[in-house]
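Per-entry structural report
For reference, the chains in residue letters:
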Amino acid sequence: MISNLINKIKEKDAPVVVGLDPMLSYIPSFIIDKAISEYRETLEAAGEAVWQYNKAIVDAVYDLIPAVKPQIAMYEQFGIPGLIAFDKTVNYCREKGLVVIGDIKRGDIGSTSEAYANGHIGSVTVGGTELSGFKEDMVTVNPYLGTDGVKPFVDACKKHDKGIFVLVKTSNPSSGEFQDRLVSDASGDEIDDVGDVAALDGVALGDLTRGGKPLYELVADKVNEWGSDCMDGDYSNVGAVVGATYPEMGAKLRKLMPHTYILVPGYGAQGGTADTLRPYFNDDGLGAIVNSSRGIICAYKQDKYSGFGDAGFADASRQAVVDMIDDIRSIF
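Here goes a summary of the coordinates provided. Because the structure is a prediction, the values reported are computed rather than measured. (Residues numbered from 1 in each chain as written. Predicted model: local features only at pLDDT ≥ 70, side-chain atom pairs only at ≥ 80, totals over all residues. Heavy atoms only, no water.)

**Thoughts on the nonpolar core**
Counting residues in each nonpolar core, the largest one holds 81 residues, and the members touching the most others are Leu20, Tyr53, Ile65, Ile164, Val168 and Leu277. Membership of the second largest hydrophobic core comes to 18 residues, among which are Val17, Ala67, Ile101 and Phe165. (Core = buried A, V, L, I, M, F, W, Y, C linked by side-chain atoms within 4.5 Å. Buried < 20%, exposed > 50% of the residue type's maximum accessible area, 1.4 Å probe, protein only.)

**Let's talk about the pattern of salt bridges**
Within this structure, the stated rule accounts for 16 salt bridges. One salt bridge in this structure joins Arg329 and Asp326, with 4.0 Å as the shortest N-O distance. Taken together, the positions of Arg329 and Asp326, both in helix α13 (residues 313-329) and 3 residues apart, correspond to about one turn of that helix. Of the residues examined, Arg329 reaches a relative accessible area of 36% and is grouped as partly exposed. Sharing partners across several salt bridges, the network here consists of Asp13, Asp326 and Arg329. (Salt bridge = Lys/Arg side-chain N within 4 Å of Asp/Glu carboxyl O. Helix = DSSP H or I, 4+ residues; strand = E, 2+ residues; numbered from the N terminus.)

**Some words on the sheet that holds strand β1 (residues 16-18)**
Read once around its circumference, the closed barrel built from 8 strands follows the order β1-β2-β3-β6-β7-β12-β13-β14, with strand pairing classed as parallel. Along the sheet, helix α11 (residues 247-256) contacts β7 (163-169), β12 (238-242) and β13 (262-264); its crossing angle with β7, the most-contacted strand, is approximately 130°. (Pairing = 2+ DSSP bridges. Contact = heavy atoms within 4.5 Å. Axes fitted to C-alpha atoms, helices over the stretch in contact; angles between N-to-C directions.)

**Side note on the environment of Leu277**
Relative to the helices and strands, Leu277 is located in the loop between β13 and β14 (288-292). A residue is classified by how much of its surface remains accessible, and Leu277, at 0% relative accessible area, is buried. In the structure, Leu277 is positioned 51 residues away from Ile328 in sequence and 7.8 Å away in space, judged by C-alpha atoms. Ignoring anything within four residues of it in the chain, the contact list for Leu277 reads Ala244, Val264, Tyr267, Val290, Ile328 and Ile331.

**Some thoughts on unusual backbone geometry**
For Arg40, which is not glycine, the phi dihedral falls at a positive 60°. Along the chain, Arg40 turns up in the loop between α2 (29-39) and α3 (43-61). According to the relative accessible area criterion, Arg40 is exposed, its value standing at 60%. In this model, Lys105 sits at a positive phi of 45°, which is unusual for a non-glycine residue. Its location among the elements puts Lys105 in strand β3 (residues 99-106). Exposure remark for Lys105: the relative accessible area of 37% places this residue in the partly exposed category.

**A closer look at helix α1 (residues 2-12)**
Those residues of α1 not exposed but buried are Ile2, Leu5, Ile6, Lys8 and Ile9. Viewed along the axis of α1, the buried residues span an arc of 160°, placing them on a single side of the element. Turned more than 90 degrees away from the buried face of α1 sit Lys10 and Glu11, all of them exposed. Of the residues flanking the end of α1, it is Asp13, one or two places downstream, whose phi is positive at about 50°. (Arc of directions from axis to C-beta.)

**Observations regarding a nonpolar patch on the surface**
Together, Val124, Val126 and Leu131 give the surface a local cluster of nonpolar side chains, amounting to about 240 Å² of exposed area. Counting through the fold element by element, Val124 comes out in strand β4 (residues 124-126). (Patch = residues over 30% accessible without salt bridge, like charges linked within 9 Å, V, L, I, M, F, W, Y side chains within 5 Å. Areas by Shrake-Rupley, 256 points an atom, 1.4 Å probe, with all protein chains shown as cover.)

Note that all results are geometric; they support no functional claim without further evidence.
Okay, here's the thing in structure tokens:
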């Protein structure tokens, strides 16, 4: 699957992904009013508004980009009608030739993770028929329950030629509370009395060990391990999520994971800029794909694109994609 994404990136000369993360407050009122007139003030109206909003944006940008990334929480908040909108969005984007990265951030104990993997990038058997659920091409995975939470996704990647992006260093401001903590690995010095450490309030494990390294680096090591058994050309179907807001860490992680494709959130609305993106790419301009969500789908609300007006929201999104692509191309 990663080779398919890379081919589309090369074809469009655009290492970008548009995050389809709709909130009702993002959607122009004329779309919401029309949905309410048809479905009244119900969750079905919300789901319809989300779907129509997504469809218009996809129609405006699909020829420019290789991939989209719908964040499932934005759909789940509207219950079953929201999930129907999610499913319609995934299927429509695939019809348009886009790679769909389901931003689901799943990760649980083995059997539960297996069910998540089956539902999003795998299949289930009903009677004698093998069926797929949401049909994304790739999904994001939370690794912090360990290998037994990730392995079912890797197995699904190998069986169905799919891909995953494992959370390594996320873009949110508080990510360092855990991800940046120094910890010892198998080769580091261990603490003599773990019970004493547990009793210490507010003391990081890394503060009590020698030769430790940040937790996100240990996760990167595991991404390499998981990915080595799931190669698709020069890169693995097991990718990594590394936020654009931490370029120094991104540069280090790029070197630690040479065969890992990096999904880079945080560009635009979260503060990431083109200048911060160069370390995430390899010398050939590959190795990373950059996400923008609000910066694209809410472009019409920005002063820069206000001339498009509410009615031209999709055209504003298209112009924002063009500007983002030009911005990223400028670093090479």
